[in-house]
Amino acid sequence: MNYWPLAGIAIVVLGFALRFNPLLVVVSAALATGVLAGLDPVAVIEALGKAFNDNRYISVTWIILPVIGLLERYGLQQRARTVIEGMRGATMGKLLVAYLAFRQLASALGMKDIGGHPQAVRPLVAPMAEAAAVKTHGDLTEEARDEVKAMAAATDNVGLFFGEDIFFAIASILLIQGVFEAAGYPLTPLQLSVWAIPTAICAFVIHAGRILAFDRRLGRAPR
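Basis of the calculations
- Residues numbered from 1 in each chain as written.
- Predicted model: local features only at pLDDT ≥ 70, side-chain atom pairs only at ≥ 80, totals over all residues.
- Heavy atoms only, no water.
- Axes fitted to C-alpha atoms, helices over the stretch in contact; angles between N-to-C directions.
- Helix = DSSP H or I, 4+ residues; strand = E, 2+ residues; numbered from the N terminus.
- Parallel < 35°, antiparallel > 145°, perpendicular 65-115°, else oblique.
- Left-handed = near helix turned anticlockwise from the far one by under 90°.
- Contact = heavy atoms within 4.5 Å.
- Nonpolar A, V, L, I, M, F, W, Y, C, P; charged D, E, K, R; others polar.
- Patch = residues over 30% accessible without salt bridge, like charges linked within 9 Å, V, L, I, M, F, W, Y side chains within 5 Å.
- Areas by Shrake-Rupley, 256 points an atom, 1.4 Å probe, with all protein chains shown as cover.
- Salt bridge = Lys/Arg side-chain N within 4 Å of Asp/Glu carboxyl O.
- Expected span 1.5 Å × (residues − 1).
- Bend = angle between axes of the 7 residues up to and from the residue.
- Core = buried A, V, L, I, M, F, W, Y, C linked by side-chain atoms within 4.5 Å.
- Buried < 20%, exposed > 50% of the residue type's maximum accessible area, 1.4 Å probe, protein only.
- Polar contact = N/O pair within 3.5 Å; in protein donor to acceptor, adjacent residues only side chain to side chain.
- Phe/Tyr/Trp six-rings, centres within 6.5 Å; stacked < 30°, edge-to-face > 60°.

## With respect to the packing of helix H1 (residues 7-17) against helix H2 (residues 22-36)
Part 1: Their axes nearest at 8 Å, the elements H1 and H2 cross at an angle of 165°. The orientation of H1 with respect to H2, classified from their angle, is roughly antiparallel. Considering the relative orientation of H1 and H2, their crossing is right-handed. The segment H1 lies against H2, with Ala7, Gly8, Ile11, Val12, Gly15 and Phe16 engaging Pro22, Val25, Val26, Ser28, Ala29, Ala32, Thr33 and Leu36.
Part 2: For the contact of H1 with H2, a count of residues per class yields ten nonpolar, four polar and no charged.

Here it is as structure tokens:
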């Protein structure tokens, strides 16, 4: 048996460990695996191109990024900060908890693409959370600002991850159903969705508590 094609796994592990560009690492691993398996380099590239073309939704990314870039260039982040600065009683904790609730509810209804890091967190949620933190606690250090941005991104992740499983017509629910069915437990997608609700509620309570605790910690941090 030819084990050389498994070298692609080593390339991925080594590339990520050395923090190389992820896209470069994955493409290099794919090329190495194909060539070591006896395929022509052109055939490997053709296979990559075919996979990209078959999954056309990937190309939507190249539409979103220029749009977000133009909006940021013309002051979207500054406008978001201004809106928060003019709101009375706005705090970073309240803002992120509200976004967490919105993200979970929207995902539970199948609208998981409403939020997201490129289209919502970077241009809107993170700047608004940062402005709210500055308004409440005064000027922040660069480290504290990075922590606020990270918390905004984490809030989006938690809201999406634990909200989307409540929507029964989603790939993750179908995958779970297939695993249970193979193990001899026939369950419907609706049954799995219902039992995802307690987990989503717990995730909301726990992460909301983390957000509010982080907000309080920012107030006690030295300037």
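## Comments concerning the environment of Leu95
Part 1: As for its position among the elements, Leu95 is in helix H6 (residues 92-108).
Part 2: Leu95 sits 30 residues away from Val125 along the chain, and the two C-alpha atoms are 8.4 Å apart.
Part 3: Ignoring sequence-local partners within four residues, the contact set of Leu95 consists of Ile84, Val125, Met128 and Ala129.

## Quick notes on a nonpolar patch on the surface
Part 1: On the surface, a cluster of nonpolar side chains totalling about 730 Å² of accessible area is made up of Phe168, Leu190, Val194, Trp195, Ile197, Ile201 and Val205.
Part 2: The topology assignment puts Phe168 in the loop between helix H8 (142-164) and helix H9 (171-182).

## Brief notes about unusual backbone geometry
Part 1: The residue Arg19 is not glycine, and still its phi comes out positive at about 60°.
Part 2: Mapped onto the elements, Arg19 comes out in the loop between H1 and H2.

## Quick notes on helix H7 (residues 117-137)
Part 1: Compared with the 30 Å implied by 1.5 Å per residue over 21 residues, the 25 Å span of H7 between its first and last C-alpha is markedly short.
Part 2: Largest kink in H7: about 35°, centred on Val125, with the proline Pro127 one to four residues after it.
Part 3: Phi for Gly138, located one or two positions after H7, is positive at around 85°.

## Let's talk about the nonpolar core
Part 1: In this structure, Ile84, Met92, Leu96, Val148 and Leu218 are the most contacted members of the largest nonpolar core, which totals 30 residues.
Part 2: Looking at this core, the elements that each hand over two or more residues are helix H5 (76-85), H6, H7, H8 and helix H10 (189-220).
Part 3: If you tally residues by element for this core, the top one is H7, at nine residues.
Part 4: What Leu96 contacts, discounting residues up to four positions off in sequence, is Val125, Ala129, Met151, Ala152, Thr155 and Ile211.

## Notes on the side chain of Ser193
Part 1: Locating Ser193 in the fold gives a position in helix H10.
Part 2: Looking at Ser193, its side chain comes within polar contact range of the main-chain oxygen of Ile166, at 3.4 Å.
Part 3: With sequence-adjacent residues up to four places away left out, Ser193 is seen in contact with Asp165, Ile166, Phe167, Phe168 and Ile173.

## Focus: the packing of aromatic side chains
Part 1: Applying the stated criterion to the full structure yields three aromatic pairs.
Part 2: Their ring planes at 40° and their centres at 6.2 Å tell us that Tyr99 and Phe102 sit as a pair that is tilted. Of the two residues, Tyr99 and Phe102 are both situated in helix H6; the distance of three residues between them amounts to about one turn of the helix.
Part 3: Owing to a relative accessible area of 40%, Phe102 belongs among the partly exposed residues under this scheme.
Part 4: When the ring of Phe161 is compared with that of Phe162, the centres are 5.0 Å apart and the planes differ by 75°; the resulting orientation is edge-to-face.
Part 5: Residue Phe161 is classed as exposed on the basis of its relative accessible area, which comes to 51%.

These figures come from the coordinates and say nothing about function on their own.
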